[in-house]
Amino acid sequence: SQKHKLRITKLHNKQLINQEVYNFLASAGAKYGVGFWKPGSGIIHQIILENYAYPGVMLIGTDSHTPNGGGLGAICIGVGGADAVDVMAGIPWELKCPKVIGVKLTGTLSGWTSPKDVILKVAGILTVKGGTGAIVEYHGPGVDSISCTGMATICNMGAEIGATTSVFPYNQRMRTYLEKTGRGEIAALADEYSDLLVPDEGCEYDQLIELNLDELKPHINGPFTPDLAHPVSQVGAVAEKNSWPLEVKVGLIGSCTNSSYEDMGRAASVAKQALDKGLTCKAQFTITPGSEQIRATIERDGYSKVLRDVGGVVLANACGPCIGQWDRRDVKMGEKNTIVTSFNRNFTARNDANPATHAFVTSPEIVTALAIAGTLNFNPETDYLTAPNGEKFKLEPPNGDELPARDFDPGQDTYQHPPPDGTSLKVDVNPQSNRLQLLEPFDKWSGKDLEDMQVLIKVKGKCTTDHISAAGPWLKFRGHLDNISNNMLIGAVNSENNAINKIKNHLTGEYGGVPDVARHYKANGVSWVVVGDDNYGEGSSREHAALEPRHLGGRAIIVKSFARIHETNLKKQGLLPLTFSNPSDYDKIRPEDKISIKGLETFAPGKPLKAVVKHCDGSTETLELNHSFNETQIEWFQAGSALNRMKELQH
């Protein structure tokens, strides 16, 4: 068809634009005996669920939504890239033993309530920090009413409460999914050892939450944070009270969180009801399949046609707008507007780079209903739509098959098997590339305390990895450290002037962008520190958020508290992630201060360091700083980075 030809042409053009990146990945995989999923394969979390995860496996992945695999009873933990390098190199990977939060589910999901509503409700209870340092274990009779991919959705978005990972007990829903994805032997083995894949009899939890699925209502969370929970029935009134735009400009479904066959089927069932009455979407509507297998199957089974007919556009099998890969043109930058998505994350400017976009997170079926209605002030459980002929009608609750009756259509074969021996092959990187750059080792610790470091920026309020290293158009520079460093902290709020990407250069007295000032300090031999607020570095496990400050001359990040993955990433790059022993000491730091870190010559686990703060009026203060370094991590700092330390151990 013409649409199919157009899609192939767009994919071909995209591959040409990104060819050097794909060549690098394919050549690296071949050389080191690793398979490569080519462009168009889909999102890694879906590829893992469809091919690799299984009950009882422990797996780490370089993204915060790696816990998606918990939907198959797997312990899947998101880490930084350097942590994954440790594992691939055969070096032990360490994690502070997490607590366990139990979520007991009773009752049965039905009607408009979906698996997404479970995690939206839990996020509202625990907030974005409530799961930090803990594994969330779902259990109870309500589990059996949730599909395998529904469980994966819940585990996937557990990253938004800061959880180490989330997991479900093995059950028949997982068995069926394994069989449908060609892993019947694994299902049989899991059946044999099922008693090891469920909670122990009489086990206790550090915290217990109970949810009755019979009483759970559809939720929509946001804007600007994924833990601001509202029942769909109330969000319109809350929006009016807070002057949030009621008009829904765009509805987006898919991403790694909600792009299963069941998700697409339930969304299509809502869309078909509208079509049957002659209605199409009032809002723009996009669909992002999570994998080539899902894209091919929903195309074969007619879901894609229904979603297109109602006004939707089916995008590539990729993260897409969920991480800002969206050339949005329907509103101007800075224009206040509302979008609803089935994604996992809705931090400021996350999806479209517009800080005035109010993004709300909900289920695919609710997104579809709101895109049709065109307003936040619509509750599909009770409210009526008006057909073109004037007929008033209510949408029936969505339905969708858990798995395809005709099995999955694998679509195009996008997997490159590694050769038997790739040792003679060369990794393909052009030295003149502006997208790929081989890393150079960072400098080692001098052996002395760090003296008179300039405060680069004192960050005010929420500072996620999206604020530290923006996504969207910047992602094309992921393989080029110097180029991507031009986005360092450009989304963080400067406490001095409440401005974004405007800080004072204390060598020149002029104001400039954060990366520009950092580069000027580095060129003049001035080391610097960042001072931050609570839960610094929450969000994506974006390693560039740690690489960039190290590359541009940073030495320490001093905050009230850290998100787990980011704290480890900073350690891996030879930076000092430190926390105020007294959180109120944050208020004592002034933007023009210079800070010395004392105690590094006797740096030891559990032993606090000191910060001597010099104010511009000549006065000084000494603050106590805590850290979570163990002996191995201290060796990383002393060597200049974890990679440097690995190289030392080879000799």
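Residues numbered from 1 in each chain as written. Predicted model: local features only at pLDDT ≥ 70, side-chain atom pairs only at ≥ 80, totals over all residues. Heavy atoms only, no water.

Quick note on the threshold: UniProt positions are given in the numbering used here, feature names are shortened, and annotations may be inferred rather than shown by experiment.
As recorded in an unreviewed UniProt entry, the chain goes by Aconitate hydratase, mitochondrial and comes from Echeneis naucrates. Looking at the Pathway (unreviewed entry) heading of the UniProt record, one finds this comment for the chain: "Carbohydrate metabolism; tricarboxylic acid cycle; isocitrate from oxaloacetate: step 2/2." The annotation that UniProt attaches to the chain under Sequence similarities (unreviewed entry) is "Belongs to the aconitase/IPM isomerase family."

**Some points on the overall build of the chain**
As a reminder of what qualifies: For helices the rule is a DSSP run of H or I covering at least 4 residues; for strands it is a run of E covering at least 2, with both sets numbered from the N terminus onward. In this setup the radius of gyration rests on C-alpha atoms only. A globule is expected at 2.2 Å times the number of residues raised to 0.38. For each residue, the accessible area found with a 1.4 Å probe, counting protein chains only, is set against the maximum for its type, and the residue is called buried under 20%, exposed over 50%, and partly exposed in between. What makes two residues a contact is simply this: any of their non-hydrogen atoms within 4.5 Å. Accessible areas in this description were obtained via Shrake-Rupley with a 1.4 Å probe; residue shielding takes into account the shown protein chains only. For the purpose of charge, His is not counted, nor are the chain termini; Lys and Arg are scored as positive and Asp and Glu as negative. Here the site of a charge means atom NZ of a Lys, CZ of an Arg, CG of an Asp or CD of a Glu.
The number of helices and strands found in the chain is 20 helices and 28 strands. Compactness check: the chain gives a C-alpha radius of gyration of 25 Å against a globular reference of 26 Å for 651 residues, within 12% of the reference. Seen through its C-alpha atoms, the chain measures out along the principal axes to roughly 75 × 60 × 60 Å. Taking all 651 residues of the chain together, the buried fraction comes to 55%. When contacts within the chain are restricted to residue pairs at least 6 apart in sequence, long-range pairs at least 24 apart make up 73% of them. Here the chain displays about 27200 Å² of accessible surface, and carbon together with sulfur accounts for 51% of that area. The averaged location of the 75 negative side-chain charges in the chain is 6 Å from the averaged location of its 66 positive side-chain charges.

**As for the side chain of S269**
Within the secondary structure, S269 sits in helix α10 (residues 261–276). Its relative accessible area of 14% is what places S269 among the buried residues. Ignoring any residue separated from it by four or fewer positions in sequence, one finds S269 in contact with P398 and N399.

**Considering the sheet that holds strand β27 (residues 609–614)**
So the rule is basically this: Between any two strands, at least two bridges found by DSSP are needed for them to pair. In this description, a line fitted to the C-alpha atoms serves as the axis of each element, helices being fitted only across the stretch in contact, and the angle between N-to-C directions of two axes falls anywhere from 0 to 180 degrees.
With mixed pairing, the seven strands of this closed barrel are ordered in space as β18-β23-β24-β25-β28-β27-β26. Averaged over all adjacent pairs, the angle separating strand axes in this sheet is 40 degrees, with direction ignored.

**Here's the deal with helix α4 (residues 81–88)**
Given 3.6 residues to a turn, an α-helix orients residues that are three or four positions apart in the same direction. Listing the buried residues of α4 in full gives A82, D83, A84 and D86. Phi turns positive, to about 80 degrees, at G90, one or two residues after α4.

**Some words on the sheet that holds strand β7 (residues 207–212)**
Read across the sheet, four strands follow the order β6-β5-β4-β7 without closing on themselves; strand pairing throughout is parallel. Looking at which strands have only one partner, the edges of the open sheet turn out to be β6 (165–167) and β7. Within this sheet the neighbouring strands show an average axis-to-axis angle of 20 degrees, counted without direction. Of the strand pairs in this sheet, strand β5 (residues 134–139) and β6 are connected by three bridges, and their pairing is parallel. Counted as the bridge partner of E137 is V167 from β6. Packed on one face of the sheet, helix α5 (residues 115–126) meets β4 (99–106), β5 and β7 and runs near 140 degrees to β7.

**Some points on the domain arrangement of the chain**
Put simply, the test is: Segment limits for the domains were obtained from an automatic or database-derived domain assignment. A 1.4 Å probe defines the accessible area here, and the buried area is the portion of it lost by two parts on being joined, summed over both. Note on definitions: salt bridges are taken to be side-chain nitrogens of Lys or Arg within 4 Å of carboxyl oxygens of Asp or Glu. Think of a polar contact as two N or O atoms within 3.5 Å of one another; within protein, one of them needs to be a possible hydrogen donor and the other a possible acceptor, and neighboring residues in sequence only count if both atoms come from side chains.
Under the domain assignment, the chain is made up of domain 1 (33–216), domain 2 (229–325 + 332–379) and domain 3 (450–649). On a C-alpha basis, the centres of domain 1 and domain 3 stand 32 Å from each other. The partner domain 3 presents 19 residues to the 19 residues of domain 1 that form the contact. Taken together, both faces of the contact between domain 1 and domain 3 bury some 1400 Å²; the carbon and sulfur share is 48%. In terms of surface lost to domain 3, no three residues of domain 1 exceed S64, A82 and K129, which account for 26% of the buried area on that side. Measuring nitrogen to oxygen at the nearest pair gives 3.0 Å for the salt bridge that ties K572 to D83. Counting across the domain 1 and domain 3 interface gives five residue pairs in polar contact (both at pLDDT 80 or more). Mapped by element, the contributors of at least two residues to the side of domain 1 that touches domain 3 are β3 (75–78) and α4.

**Here's the deal with the pattern of salt bridges**
In total, this model carries 35 salt bridges according to the counting rule given. One salt bridge in this structure joins D276 and K272, with 3.2 Å as the shortest N-O distance. Remark: K272 and D276 occur in helix α10; sequence separation between them is four residues, near one turn of the helix. Judged by relative accessible area, D276 falls into the exposed class, the value being 56%. Salt-bridge contacts for R550 lead to D443; the nearest nitrogen and oxygen are separated by 2.9 Å.

**Brief notes about the UniProt feature "domain: Aconitase A/isopropylmalate dehydratase small subunit swivel" (unreviewed entry) in the chain**
UniProt's feature table lists "domain: Aconitase A/isopropylmalate dehydratase small subunit swivel" (unreviewed entry) at residues 453–582, given in the numbering used throughout. The distance separating the terminal C-alpha atoms of residues 453–582 is 21 Å; by composition the span is 27% helix and 22% strand.

**Here's the deal with the side chain of S41**
Following the sequence through the fold, S41 ends up in the loop between β1 (36–37) and α3 (44–51). Looking at S41, its side chain comes within polar contact range of the side chain of T414, at 2.8 Å. With residues near it in sequence (within four places) discarded, S41 still touches I47, S291, E292 and T414.

**Section: helix α7 (residues 172–180)**
Heads up, the condition is: In this description, one arc is meant: the one made by directions from the helix axis to the C-beta atoms.
All of the buried residues along α7 are M174, Y177 and L178. In an axial view of α7, the angular spread of the buried residues amounts to 100 degrees, which keeps them on one side of the axis. Contacts from the buried residues of α7 go to α3, α6 (148–156) and α8 (184–192). Measuring from the backbone nitrogen of R173 back to the side-chain oxygen at the start of α7 gives 3.1 Å, which picks out N171 as the cap. Looking one or two places after α7, you find G182, whose phi comes out positive at around 75 degrees.

**Overview of the pairing of strand β10 (residues 248–254)**
Both faces of the sheet carry side chains from a regular strand, because those side chains alternate between them. Quick note on the threshold: When the strands point away from the viewer, a crossover counts as right-handed if the route from the first strand across the helix to the second turns clockwise.
Counting buried positions along β10 yields six of seven residues, so the element is predominantly enclosed. Across four bridges, the pairing between β10 and strand β13 (residues 337–341) is parallel. Residue G251 lies in a different strand from β13, and its bridge partner there is V340. Relative to strand β11 (residues 284–288), β10 runs parallel, the two sharing five bridges. The residue bridging I253 from the neighbouring strand is I287, located in β11. Regarding topology, α10 serves as the crossover connection from β10 to the parallel β11, and that connection is right-handed.

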